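As a plain string of letters, each chain reads:
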Amino acid sequence: MSSSPVPGTAREDAAAGLTEPLLANGGGGFHDGALATVVVANANGGGNGAKEKGAAAAAVKAKDGYWVDVDREPAAADLESGGGDRPLLFSNKKVKAALLYPYRVLILVRLVAVILFIAWRIKHNKSDVMWFWVTSVVGDAWFAQSWLLYQLPKLRPIKRVPDLAALRQHYDDDLPGGGGSLLPGVDVFVTTADPVSEPVLYTMNCVLSILATDYPVDRHTCYLTDDSGSLVLYEALVETASFAALWVPFCRKHSVEPRAPESYFQLEGMIYNGRSPGEFMSEYRHVQREYEELKGRLEMLPSTIKERSDVYNSMEASKDGGAEQATWMANGTQWPGTWIEPTEKHRKGDHAGIVKIVRNHPSCKPAEAEGLQASNAANPLNLDGVDARIPMVVYVSREKTPGHEHNKKAGNLNAQLRVSALLSNAPFTINFDCDHYINNSKALRAAMCFMLDSREGDNTGFVQFPQRFENVDPTDRYGNHNRVFFDGAMYALNGLQGPTYIGTGCMFRRLALYGVDPPRWRPADDIAVDSGRYGNSVLFLNSVLAALKQERRITPPELDEPFLAELAMVVLSSYDHGTEWGSSVGYIYNIATEDIVTGYRIHGQGWVSMYSTMDMEREAFHGTAPINLTERLYQIVRWSGGSMEVFFSPYNPLFSGRRLRPLQRVAYLNFTIYPVTSVFILLYAFCPVMWLIPSEILIQRPFTRYVAYLVAVVALVHAIGGFEIRWAGITWTDWWRNEQFFMIASLSAYPTAVLHMVVKPITGKGIHFRVTSKQQTAAAAAEGGDDDKYADMYEMRWVPMLIPAAVVLFSNIMAIGVAMGKAVLYGGVWSAAQRRHAALGILFNVWIMALIYPFGLAIMGRWSKKPAILFVLLPVAFVVIAVVYIGLHSFLVKFLPFMVI
């Protein structure tokens, strides 16, 4: 694509000087055009970028239209202890009474309506199939309690907005008497499991966004935790750290947003907010060129490593005749992790532990850019007065040994937690999946507003940010954005003990991960720090004591032999054995959804959590979602199956978590049992098959009143949803997509998870951890074209769990067609009641079809690029089935009358 420069006359000489070269170049290419847009928008205060920014600001303001500020003073305990001098660093907002009270009343009305509906059904226990009637009544009762568990925690939604200005005033550089920042340290973890399924470019963009974030450079450290032990990822990290020496100061000088280069260089209509517009264009082009070269080197790494290894292996073979096909590092030593040619001690699931400091800790004083320029005469960036340092960068891959349980992502994070304790021991940690990046460079500061606040700051165990995705199709066909949860349910939990942990974009207090009680529950002098709980590393035990005393470490320790031996110890595959890691310490083991159960364990100890709403036009983090339906459903199977595993584990919300607040317990209970609802939904979804039976079969009599009650109960759900849409700031489309995908998942992923839990006692196996592929398939890319960014969405990959959904879809299509045929044949002889029953039955069919409409599009494959075609194909299918039914009926009447009922 190309973007032409913004037309118009520059009113300032600086703007004219900047735009002239681009105009002379004819807008040569996408990035030149984007640059012109940036500069003109900055010079004239307008342009598309300004309009987009204004629209975003207006959207934020519109979202807040149903919220009002809550005035809160420092907590009484803080005032008594002298903590009243600490600042208030975030504001609370609640839903306006004019919206909240009718919302609560409507919930009560529906609760009464559901109770009356079930009571009416039990009183009128008349049905043509009694076993089905009994099952449906049980299903209705389950729907009612499931809805109630979901709705009760949403009675008091709260929005929390960080005050970045107050944080900067009290903790940052411009402090009375001078001195550096007072912000505490943060250890940032990036987790990856496979450089193929999780593309290296995504991972390195995540790393770059972390290194360039707006946080004191000596107060945060980036750890890449590679669970595959791949040399490709290590050397990619080395290349990325080298490029960061250019990218990070460029971002600081020009106030770049976002600070992931892949996303930044694709922007159009940007607004320049930096300090040097006159130098921006040439520096932008230079950095972009360097980034393209970095991408080329990253893409070539597998072949580069293979060629290098072949050379070294041939040299070794010529020396001693050995045939070992090792993988070699650039420094001429064998890689201790997995090899290209797998062999014992060098393959997935069997390799040594690795900890390598890729970039040392920066000095405490800012390093001006002269040294950078002097070492690279070809560098055209003028970085005078810009801090050119980058944070410490560390590569970690834990040891894996056959026969040992490695505990998937939870084990990976726990090993990283121990390594970071020895190297930096920051009081806070934040973890990212490798396909996410920091979209707002002030995100870490936003989290700190909650951790350092004078009210609940010391008792806040973690701060969760919403997940946002940028590769989702504009219609969000498969509900990837999930805004009903992230902008509705999570605000509701904010009004209780706090949101649950959702796996990525979450900042933890290190002590909360260590299983230490919050200050309000913690005895000052009775904290056990022993090897039976934390393992045998003396240095790690010392780091736990230092964390308890809130000691700050600015520079890492000396890397002598004893220290390196301790580093190697804490990444051993056997380190956890005989300790409380994975149970009461760190991330929890033996549950597929380690995130939910870890958050539950922390809440159960009495910690609170916060849900951060940046309330700015730029969201905190962006990620990549699986837009292929099969991959999306595999993800849902793991989430829902893992949630049910929690119910059957020692972390069952009914019996554990001694300090959970009542409604928080209700919310967690709902998290652990909601997939069971799919069993009854699946049963109802097969009701249309009754149309295929010649005689009339009704689930409940009187049928008309039953359907009327059912419609009223369902309508109340959507009326309540209308209120939630307003205070959550989402759209009806978001709500409807959520309804559709819940139905699709209830016919595929959720029953699969339930079935797994049924057979688990027999097989003894937990939910299989499957890395969600982020790669677009070659076939999809080839058919869709290089510029088809949603090509993967149109690929239908059939797996067994899709069979029930397909059967429901086709049985409903057949039922509607048969109903139309019956109407033609018998319409004249049907009674008024029969015609009414037929109309209501078809209404039910159509409702199910509307809910599983995205599944119908998925079946169409590439034809679904034009969704309207389904509105043509379905009526045609109905008519064809009706004609076939009429023809078959006529044939039977004429030749086989005894078969006609």
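Being a predicted model, the structure only gives us computed values, none of them experimental. (Residues numbered from 1 in each chain as written. Predicted model: local features only at pLDDT ≥ 70, side-chain atom pairs only at ≥ 80, totals over all residues. Heavy atoms only, no water.)

## Here we look at the pattern of salt bridges
And step 1. Using the criterion set out here, one finds 34 salt bridges in the structure.
And step 2. Two residues, Arg308 and Glu235, come together in a salt bridge whose shortest N-O distance is 2.8 Å. Of this pair, Arg308 sits in helix H11 (residues 277-320) while Glu235 is found in helix H9 (residues 231-254), placing the two residues 73 residues apart along the sequence. Here the two residues Arg308 and Glu235 agree in accessibility, since each one is buried.
And step 3. Each member of the salt-bridge network shares a partner with another, and the members are Arg168, Asp172, Asp214, Lys442 and Arg445. (Salt bridge = Lys/Arg side-chain N within 4 Å of Asp/Glu carboxyl O. Helix = DSSP H or I, 4+ residues; strand = E, 2+ residues; numbered from the N terminus. Buried < 20%, exposed > 50% of the residue type's maximum accessible area, 1.4 Å probe, protein only.)

## As for the sheet that holds strand S12 (residues 460-464)
And step 1. With respect to topology, eight strands assemble into an open sheet ordered S8-S9-S5-S4-S10-S13-S12-S14, the strand pairing being mixed. Unpaired on one side and paired on the other, strand S8 (354-359) and strand S14 (608-611) mark the two borders of the sheet. Taken pair by pair, the neighbouring strands of this sheet meet at an average axis angle of 20 degrees, ignoring direction.
And step 2. For strand S5 (residues 220-226) and strand S9 (residues 393-397), the ladder comprises four bridges, and the chain directions are parallel. Paired with Thr225 across the two strands is Val396, which belongs to S9.
And step 3. Contacts between helix H14 (residues 443-451) and the sheet are confined to strand S4 (186-192), strand S10 (428-433), S12, strand S13 (506-509) and S14, with S12 contributing the most and set at about 150 degrees to the helix. (Pairing = 2+ DSSP bridges. Axes fitted to C-alpha atoms, helices over the stretch in contact; angles between N-to-C directions. Contact = heavy atoms within 4.5 Å.)

## Brief notes about helix H5 (residues 97-123)
And step 1. The end-to-end C-alpha distance of H5 is 39 Å, a good match for the 39 Å that 27 residues give at a rise of 1.5 Å each.
And step 2. Taken residue by residue, H5 has Leu99, Leu100, Tyr103, Leu106, Ile107, Arg110, Val114, Phe117, Ile118, Trp120 and Arg121 as its buried positions.
And step 3. On its buried face, H5 sits against strand S2 (90-95), helix H6 (130-151), helix H23 (677-685) and helix H24 (703-728). (Expected span 1.5 Å × (residues − 1).)

## Some remarks on the confidence of the model for the protein chain
And step 1. For the protein chain, the average pLDDT comes to 85, and 84% of its residues sit at 70 or higher.
And step 2. The secondary structure element of the protein chain with the lowest average pLDDT is helix H1 (residues 13-24), at 30, and the one with the highest is S13, at 98.
And step 3. Per-residue pLDDT stays below 50 along residues 364-377; that stretch engages in 28 contacts with residues further than four places along the chain or on separate chains.
And step 4. Scored below 50 in pLDDT, residues 776-786 makes 19 contacts in the model with residues more than four places away or belonging to other chains. (pLDDT = per-residue confidence, 0-100.)

## Quick word on the packing of helix H20 (residues 594-604) against helix H22 (residues 662-673)
And step 1. At their nearest, the axes of H20 and H22 sit 12 Å apart, and the two run at 165 degrees to each other. Taken as axis vectors, H20 and H22 run roughly antiparallel relative to one another. Considering how the two elements wind past one another, H20 and H22 form a crossing that is left-handed. Along the contact surface, H20 presents Ile596, Gly599, Tyr600 and His603, while H22 presents Gln664, Arg665 and Tyr668. (Parallel < 35°, antiparallel > 145°, perpendicular 65-115°, else oblique. Left-handed = near helix turned anticlockwise from the far one by under 90°.)

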